[in-house]
Amino acid sequence: MSVSLYDLSIGSYTQIVESMIGVMKKGAEHCEAEGIDLAEVVATRLYPDMANFHFQVTSLTHHSLGAIEGLKSGSFGPPAYPDCGYSELQAMTEKTLAELRAQKPDEIEALAGGQVVFRLGDNEIPFTAENFVLSFSMPNFYFHATTAYDILRSKGVPLGKRDFLGAIRVGA
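1. Side note on the packing of aromatic side chains
- By the definition in use, this model includes 11 aromatic pairs.
- With centroids separated by 6.2 Å and ring planes inclined at 40°, the aromatic side chains of F76 and F118 adopt a geometry described as tilted. With F76 in strand β1 (residues 75-76) and F118 in strand β2 (residues 115-120), the pair connects residues that are 42 residues apart, well separated along the chain.
- By the ring-pair criterion, three or more aromatic residues cluster together here, those being F76, F118, F127, F132 and F136.

2. Some words on a nonpolar patch on the surface
- On the surface, a nonpolar cluster with roughly 290 Å² of combined accessible area is contributed by L165, I168 and V170.
- Residue position: L165 is located in helix α8 (residues 161-165).
- L165 gets classed as partly exposed once you look at its relative accessible area, which sits at 32%.

3. Details of the pattern of salt bridges
- The tally for this structure, following the rule as stated, stands at six salt bridges.
- Between K155 and E40 there is a salt bridge, with its nearest N and O atoms 2.7 Å apart. With K155 in the loop between α7 (129-154) and α8 and E40 in helix α2 (residues 38-43), this pair connects stretches of sequence that are 115 residues apart.
- We note a salt bridge from R119 to E124, for which the minimum N-O separation is 3.2 Å.
- What makes R119 partly exposed here is its relative accessible area of 35%.
- Overall, E124 belongs to the exposed group, its relative accessible area being 52%.

Reading guide: rules and limits
- Just so you know, the residues in each chain are numbered from 1, in the order the chain's sequence is written.
- In keeping with the model being predicted, local features are shown solely for residues with a pLDDT of at least 70 and side-chain atom pairs are shown and tallied solely at 80 or more, while totals for entire chains, interfaces and linings include all residues.
- For side-chain calculations, the full set of non-hydrogen atoms in the structure is used, while hydrogens and water are omitted.
- Paired rings are identified among Phe, Tyr and Trp, the last through its six-membered ring, by centres lying within 6.5 Å, and are further divided according to the angle between planes into stacked (under 30 degrees), edge-to-face (over 60) and tilted (the rest).
- We count a stretch as a helix when DSSP gives it H or I for four or more residues in a row; a strand needs E for two or more, and each element gets its number in order from the N terminus.
- Like-charged residues are merged into a patch within 9 Å and nonpolar side chains (Val, Leu, Ile, Met, Phe, Trp, Tyr) within 5 Å, provided each residue has over 30% relative accessible area and no salt bridge.
- Per-residue accessibility takes into account occlusion by the displayed protein chains alone, with areas from the Shrake-Rupley method and a 1.4 Å probe.
- Every case where a carboxyl oxygen of Asp or Glu lies within 4 Å of a side-chain nitrogen of Lys or Arg is listed as a salt bridge.
- The rule is simple: take the accessible area with a 1.4 Å probe, protein chains only, and divide by the maximum for that residue type; under 20% is buried, over 50% is exposed, in between is partly exposed.

Here's what the structure looks like:
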């Protein structure tokens, strides 16, 4: 059985974006109960040279829905999102999930074998659609999801692996 580009991309992105909505909800509830300022959470970094929670969450959108847009346009670059608060990040994540779910399988399948160029300043890295998703976008996506999760864990949010994994896809 072959795996489709739609299943690889949309299937994986929606699973984790949906789980991160739950993770962020638990984060907000915990912080409210413990008197932790959500603005502090948004600014939190795991280490001084790492990006903050805001960047980690916006990168979920960028390396999921933005990656799909990159597949369609043939071009992808670094993220640029305005500063915002925790509730706006939650809304952005929910909107991302809705837009991912609205993608049509045949439209995504039609992108297979296409080209995507990652541009950063004067540097360009050419990818096939599949290699872009599997070797660039997906690793970045999981890195930022994990880092956002870890920032919330560092604030004492009671999260476990099941929270991160969300609804896994099973079947024969």
